[in-house]
Amino acid sequence: MPEPESAAPPLPRIDVAFPDIARWRAGNTGLPHVWRYASGQPGPHVALQALTHGNEVCGAIALDFLLRHEVRPVRGTLSLCFANTAAFDTWNPAEPFKSRFVDEDFNRVWSDAVLEGSRDSSELRRARELRGFYDSVDYLLDIHSMSDPCPPLMLAGTRDKGIELALGLGYPEHVIVDAGHSAGRRLRDYGRFDDPADPRAALLIECGQHWTTDSPVVALQTALRFLRHFGMVEPAFLERHLAPDDVPRQRVIEVTASIPIQTDAFSFVWPPDGTLTVVPRAGSLIARDGPTEIRTPYDDCALVMPMRRRARPGDTAVRLGRFRN
Ligand SMILES: [Zn+2]
């Protein structure tokens, strides 16, 4: 049944200009939209990725900036990848949420069973094309943004190595420890990135709302700090483009529960307001889902990535997080 018109919330503003990434299509690796630069010196293979989701343009703006400024590694290998460009190419500002993917979510296919299975989709074709590339990466920064206004969040997975890497960057303030999605495995959690016995690691940065002017700034600043952490580029390059390190002490927040929406009558009682809402008292009512009351399970409960738009049964309404430090 089609949704009644009145159920559709107003679309957010589109305050950023979309980059022309067609100019980067050729790549230099044999893979479209993948650029790899080898320094000739020992060091890790570090990769920056944009457009895991086609409408999350902030990462594409950051990578376009870095490519135009001819970022090059001084050690190891540096790669820049625009992932789901087929979805990006469907961008239509009148329906801005539609270009997240073409057939299915590119960030839910990263298990061997799915990658090697018989299913086919635009995203699986691209994933299978890029899989060998990811297998060669030691440290991956996967750049995303969010549907609703929210401060930047670094999603570190559940392993110590991911949390240590996030704290090593010193940015952004909030580091989220979470296991991903039951709907399918994220790239951040793919293969060795999530193997505690392997040093390779990946981080997923959620830069802010998809189309605000802040999000590309966060994307670039996170990418530069990622490169700085691994000593990948000339200090002079960083000095030209890095903002001062005035980040508050980082807080690590462990996601303890995801709240799925079960009815058409879901509504937040405790309004998530675009900052990281922290509910002081355990037992506080935060939402109603039909007849069910949803209350916080502990004091100082963080409401992580609340979904205010398009909240439908099956979506995750919010994740509940407990501060670890
Ligand atoms: Zn995303």
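Residues numbered from 1 in each chain as written. Predicted model: local features only at pLDDT ≥ 70, side-chain atom pairs only at ≥ 80, totals over all residues. Heavy atoms only, no water.

### Some points on the packing of helix 5 (residues 160-169) against helix 6 (residues 214-229)
Two packed helices can be described by the angle between their axes and the distance between those axes.
Move 1: Interhelical geometry of helix 5 versus helix 6 gives an angle of 105 degrees and a closest axis separation of 9 Å. Between helix 5 and helix 6, the crossing angle belongs to the class labelled roughly perpendicular. Across the interface between the two elements, Leu-165, Gly-168 and Leu-169 of helix 5 pack against Arg-225, Phe-226, Arg-228 and His-229 of helix 6.
Move 2: Looking at the contact of helix 5 with helix 6 residue by residue, the classes come out as three nonpolar, two polar and two charged. (Axes fitted to C-alpha atoms, helices over the stretch in contact; angles between N-to-C directions. Helix = DSSP H or I, 4+ residues; strand = E, 2+ residues; numbered from the N terminus. Parallel < 35°, antiparallel > 145°, perpendicular 65-115°, else oblique. Contact = heavy atoms within 4.5 Å. Nonpolar A, V, L, I, M, F, W, Y, C, P; charged D, E, K, R; others polar.)

### Digging into the coordination of the zinc ion
Move 1: Bound to the zinc ion on the protein side are His-53 (ND1), Glu-56 (OE), Glu-56 (OE) and His-144 (ND1), at distances that span 2.0 to 2.4 Å.
Move 2: Around the zinc ion sit four donor atoms, and with donor-metal-donor angles ranging over 57 to 150 degrees the site reads as irregular.
Move 3: On the basis of relative accessible area, His-53 is assigned to the buried category, the value being 3%. (Donors = N, O, S within 2.8 Å, 3.2 Å for Na, K, Ca; no water. Tetrahedral: all angles 85-135°; square planar, octahedral: opposite > 155°, others 65-115°. Buried < 20%, exposed > 50% of the residue type's maximum accessible area, 1.4 Å probe, protein only.)

### Quick notes on the packing of helix 1 (residues 58-68) against helix 6
Move 1: Closest axis-to-axis distance for the helix 1/helix 6 pair is 8 Å, and the angle between their directions is 55 degrees. In this view, helix 1 runs oblique relative to helix 6, as classed from their interaxial angle. Helix-helix and strand crossings are classified by hand; for helix 1 and helix 6 the assignment is right-handed. Residues Cys-58, Gly-59, Ile-61, Ala-62, Phe-65 and Leu-66 of helix 1 form the contact with helix 6, whose participating residues are Ser-215, Pro-216, Ala-219, Leu-220, Ala-223 and Leu-224.
Move 2: For the contact of helix 1 with helix 6, the per-class residue count stands at ten nonpolar, two polar and no charged. (Left-handed = near helix turned anticlockwise from the far one by under 90°.)

### With respect to the sheet that holds strand 12 (residues 292-295)
Move 1: Taken together, three strands build an open sheet; the order of strands is 9-11-12 and the sheet is antiparallel. Strand pairing shows two members of the sheet lacking a second neighbour, strand 9 (266-268) and strand 12, which therefore form its edges. The sheet shows a mean angle of 20 degrees between the axes of neighbouring strands, direction not considered. (Pairing = 2+ DSSP bridges.)

### Digging into the side chain of Arg-225
Move 1: Mapped onto the elements, Arg-225 comes out in helix 6.
Move 2: A residue is classified by how much of its surface remains accessible, and Arg-225, at 2% relative accessible area, is buried.
Move 3: Of note is the side chain of Arg-225, whose polar atom sits 3.3 Å from the backbone oxygen of Ala-243.
Move 4: Apart from the residues lying within four places of it in its own chain, the contact partners of Arg-225 are Leu-169, Tyr-171, Leu-242, Ala-243, Pro-244 and Asp-245. (Polar contact = N/O pair within 3.5 Å; in protein donor to acceptor, adjacent residues only side chain to side chain.)

### Notes on the confidence of the model for the chain
Move 1: Model confidence for the chain is summarised by a mean pLDDT of 94, while 96% of its residues fall at 70 or above.
Move 2: Note that pLDDT drops below 50 for residues 1-6; the model gives that stretch one contact with residues more than four away or on any other chain. (pLDDT = per-residue confidence, 0-100.)

### Observations concerning the nonpolar core
Move 1: Ranked by internal contacts, the top residues of the largest apolar core, which has 54 residues, are Leu-48, Leu-66, Leu-80, Phe-82, Leu-141, Leu-203 and Phe-226.
Move 2: At seven residues, helix 6 tops the list of elements feeding residues into this core.
Move 3: In contact with Leu-66, other than residues within four places in its own chain, are Leu-48, Val-71, Leu-80, Leu-220, Ala-223, Leu-224 and Phe-237.
Move 4: Formed by 21 residues, the second largest nonpolar core is a distinct cluster that contains Val-34, Val-109, Ala-127 and Val-137. (Core = buried A, V, L, I, M, F, W, Y, C linked by side-chain atoms within 4.5 Å.)

### What about the packing of aromatic side chains?
Move 1: Taken as a whole, this structure holds twelve aromatic pairs when the rule is applied.
Move 2: With 5.1 Å between their ring centres and 85 degrees between their planes, Trp-110 and Tyr-134 make a pair best called edge-to-face. Separated by 24 residues along the polypeptide, Trp-110 in the loop between helix 2 (85-88) and helix 3 (112-115) and Tyr-134 in helix 4 (residues 122-135) bring together distant segments of the chain. Here Trp-110 matches Tyr-134 in class, with each residue buried.
Move 3: Ring centres of Phe-133 and Tyr-134 lie 5.3 Å apart, and the angle between their planes is 50 degrees; this geometry places the pair in the tilted category.
Move 4: Classification of Phe-133 as buried rests on a relative accessible area of 5%.
Move 5: Ring pairs connect the aromatic residues Phe-18, Phe-88, Trp-91, Phe-97 and Trp-211, which therefore count as one cluster.
Move 6: It is Arg-72 that lies over the ring of Tyr-37; its NZ or CZ is 3.8 Å from the centre.
Move 7: Stacked on the ring of Tyr-171, the Lys or Arg Arg-225 has its end atom at 4.6 Å from the ring centre. (Phe/Tyr/Trp six-rings, centres within 6.5 Å; stacked < 30°, edge-to-face > 60°. Lys NZ or Arg CZ within 6 Å of the ring centre and 35° of its normal.)

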